[in-house]
Structures are given as structure tokens and as C-alpha cells.
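Residue-level listing of the chains:
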Amino acid sequence: MAKQQTYIMLKPDTIRRRLIGQIITRIEQKGYQIVQARQMTLNKEIIAEHYSHLTDKPFFPKLEEYMLSGPVFGMIVEGDEVIQGMRTMMGPTDFTKALPGTIRGDFANSTTYNLIHGSDSEETAREEIGRFFG
Ligand code: IDP
Ligand code: MG
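What counts, and at which threshold
Residues numbered from 1 in each chain as written. Chains lettered and ligands numbered in written order. Predicted model: local features only at pLDDT ≥ 70, side-chain atom pairs only at ≥ 80, totals over all residues. Heavy atoms only, no water. Helix = DSSP H or I, 4+ residues; strand = E, 2+ residues; numbered from the N terminus. Rg over C-alpha atoms; globule rule 2.2 N^0.38 Å. Buried < 20%, exposed > 50% of the residue type's maximum accessible area, 1.4 Å probe, protein only. Contact = heavy atoms within 4.5 Å. Areas by Shrake-Rupley, 256 points an atom, 1.4 Å probe, with all protein chains shown as cover. Lys, Arg positive; Asp, Glu negative; His and termini not counted. Charge placed at Lys NZ, Arg CZ, Asp CG, Glu CD. Near = heavy atom within 4 Å. Polar contact = N/O pair within 3.5 Å; in protein donor to acceptor, adjacent residues only side chain to side chain. Core = buried A, V, L, I, M, F, W, Y, C linked by side-chain atoms within 4.5 Å. Pairing = 2+ DSSP bridges. Axes fitted to C-alpha atoms, helices over the stretch in contact; angles between N-to-C directions. Phe/Tyr/Trp six-rings, centres within 6.5 Å; stacked < 30°, edge-to-face > 60°.

Secondary structure summary: the protein chain contains 7 helices and 4 strands in total. Secondary structure elements of the protein chain, listed N to C terminal, follow the sequence β-α-α-β-α-α-β-α-α-β-α. Here the C-alpha atoms of the protein chain give a radius of gyration of 14 Å, agreeing with the 14 Å that 2.2 N^0.38 yields for 134 residues. Along the three orthogonal principal directions, the C-alpha set of the protein chain runs to about 40 × 35 × 25 Å. For the protein chain, buried positions account for 49% of its 134 residues. Within the protein chain, contacts between residues at least 6 apart in sequence are counted, and of these 79% link residues at least 24 apart. Just so you have it, the protein chain exposes about 7100 Å², and 49% of that area is on carbon and sulfur atoms. Charge-centre separation for the protein chain: the mean point of 16 positive side chains lies 6 Å from the mean point of 17 negative side chains.

In the vicinity of ligand 1, the contacting residues are K11, Y51, H53, L54, F59, L63, R87, T93, R104, T111, T112 and N114. T93 is positioned with one of its side-chain polar atoms (N or O) 2.6 Å from an oxygen atom of ligand 1. Separating an oxygen atom of ligand 1 from a side-chain N or O atom of R104 is a distance of 3.0 Å. Calculation on ligand 1 without its partners gives an accessible area of 530 Å², and the protein chains cover 79% of this total.

Ranked by size, the top nonpolar core spans 21 residues in total, and within it L10, I27, M75, M86 and I116 carry the most contacts. Of all hydrophobic cores here, the second largest spans 16 residues; its members include L63, Y66, I76 and I129.

With respect to the secondary-structure elements, I20 resides in helix α2 (residues 20-30). Sequence separation between I20 and L10 is 10 residues, and the spatial gap between their C-alpha atoms is 7.2 Å. Apart from residues no more than four positions distant in its own chain, I20 is found in contact with L10, T14, I15 and F73.

Turning next to the sheet that holds strand β4 (residues 116-118). The sheet built from 4 strands is open, its strands ordered β2-β3-β1-β4 with antiparallel pairing. Of all the strands in the sheet, just β2 (33-40) and β4 have a single pairing partner and so form its edges. For this sheet, the mean angle separating the axes of adjacent strands, direction not counted, is 20 degrees. Sheet analysis places strand β1 (residues 3-10) next to β4, joined by 3 bridges and oriented antiparallel. Within β4, the residue paired with L10 across the bridge is I116. Where α2 meets the sheet, it contacts β1, β2, β3 (72-80) and β4, and its direction lies at approximately 10 degrees from that of β3. Where helix α7 (residues 122-133) meets the sheet, its contacts fall on β1, β2, β3 and β4, and the angle it forms with β1 comes to roughly 55 degrees.

In this section: the packing of aromatic side chains. Overall, the coordinates contain 3 aromatic pairs when judged by the stated rule. Centre to centre, the rings of Y7 and F133 are 6.1 Å apart; their planes meet at 65 degrees, and the pair counts as edge-to-face. You can see Y7 sitting in strand β1 and its partner F133 sitting in helix α7, a full 126 residues away along the chain. When its relative accessible area of 15% is taken as the criterion, F133 is described as buried. When the centroid spacing of 4.8 Å and the interplanar angle of 80 degrees are considered together, the rings of Y66 and Y113 count as edge-to-face. A residue pair is termed long-range when its members are at least 10 positions apart, and Y66 in helix α4 (residues 60-67) and Y113 in the loop between α6 (103-107) and β4 qualify at 47 residues. What makes Y113 partly exposed here is its relative accessible area of 34%.

See below:
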């Protein structure tokens, strides 16, 4: 088991819906460590960089508008195999496939407005931690 750090970002709907506490509770219950956290407001440049794999998708304008619609809450979360562990706790991107018990399965009713971001590999985790906490 390798200790890792991942970048977790609670998106604007999480803050609007007052769900930060419930999601942080799940991360704490799992035994992961939140080593840094801060609320921030994103701009178009950082959104385009963070979602560079999606800028040519038809849903990108909606995603951009969503990510600009209010503050986000970014965190560095640490633990053994935490990158995949958090992805499992989040549930898949498609909310119809996110099982009850996962964050998206329990709280999301849209594939765009899906509450939470988590890095998907060691490489993106390093990049994203640098981007938002560097
Ligand atoms: P992930 O957040 O599960 O890693 P990505 O494919 O990296 O999924 O997509 C980033 C974000 O873009 C998603 O969390 C979601 O908000 C939005 N998104 C992704 N795919 C779609 C889609 O097919 N329709 C609408 N929004 C999408
Ligand atoms: Mg992703």
C-alpha cells in the first residue's frame, strides 16, 4: 500500500446545497487525512487548464458556467491508495451509474452537477495539487 495525496474539489453545487460537511464527514470516516483545504473562486483560465481534456466537448460551455457559478472548496487528501479510494467513494461520472452509498449516487441527479472532483491518476494528482495549492 502506497501513501498518496489526491486533489479533491467540492464543486459550487455542494456549497450551495450545504453538503460540504456531509462529504468531509465521509472522508474523515474513511480515515483519510485532509492536509490542506481552502475555498476559492475559479476563473476561465484555470477551468480550461483543469478540464483541458474536455474543452472541445459539446457540454464544455455548461461545465464552464457551472464551475464559475460560485466558490469551490479544494482539498489535499492523503492516505493509502487514496486516489482510487476517493474515486470509488465518489462514484462514476454518469450519475445514473453511481450506486447508493457513493457521494454521487447519494446526492447527484445530473452528470454535469455532480458535486465533487477527484484526481484520476498519480500524474493528474501531482498536477492538480500544484495548480490549486502550488
Ligand atoms: P470526472 O469528474 O468523473 O473525473 P470527467 O470526465 O473528468 O469526469 O469530466 C469532468 C466533469 O465534466 C464531470 O465531473 C462533469 O461535471 C462534467 N461532465 C463530464 N462528462 C459529461 C457529460 O457527458 N455530460 C455533461 N457533463 C459532463
Ligand atoms: Mg476527471
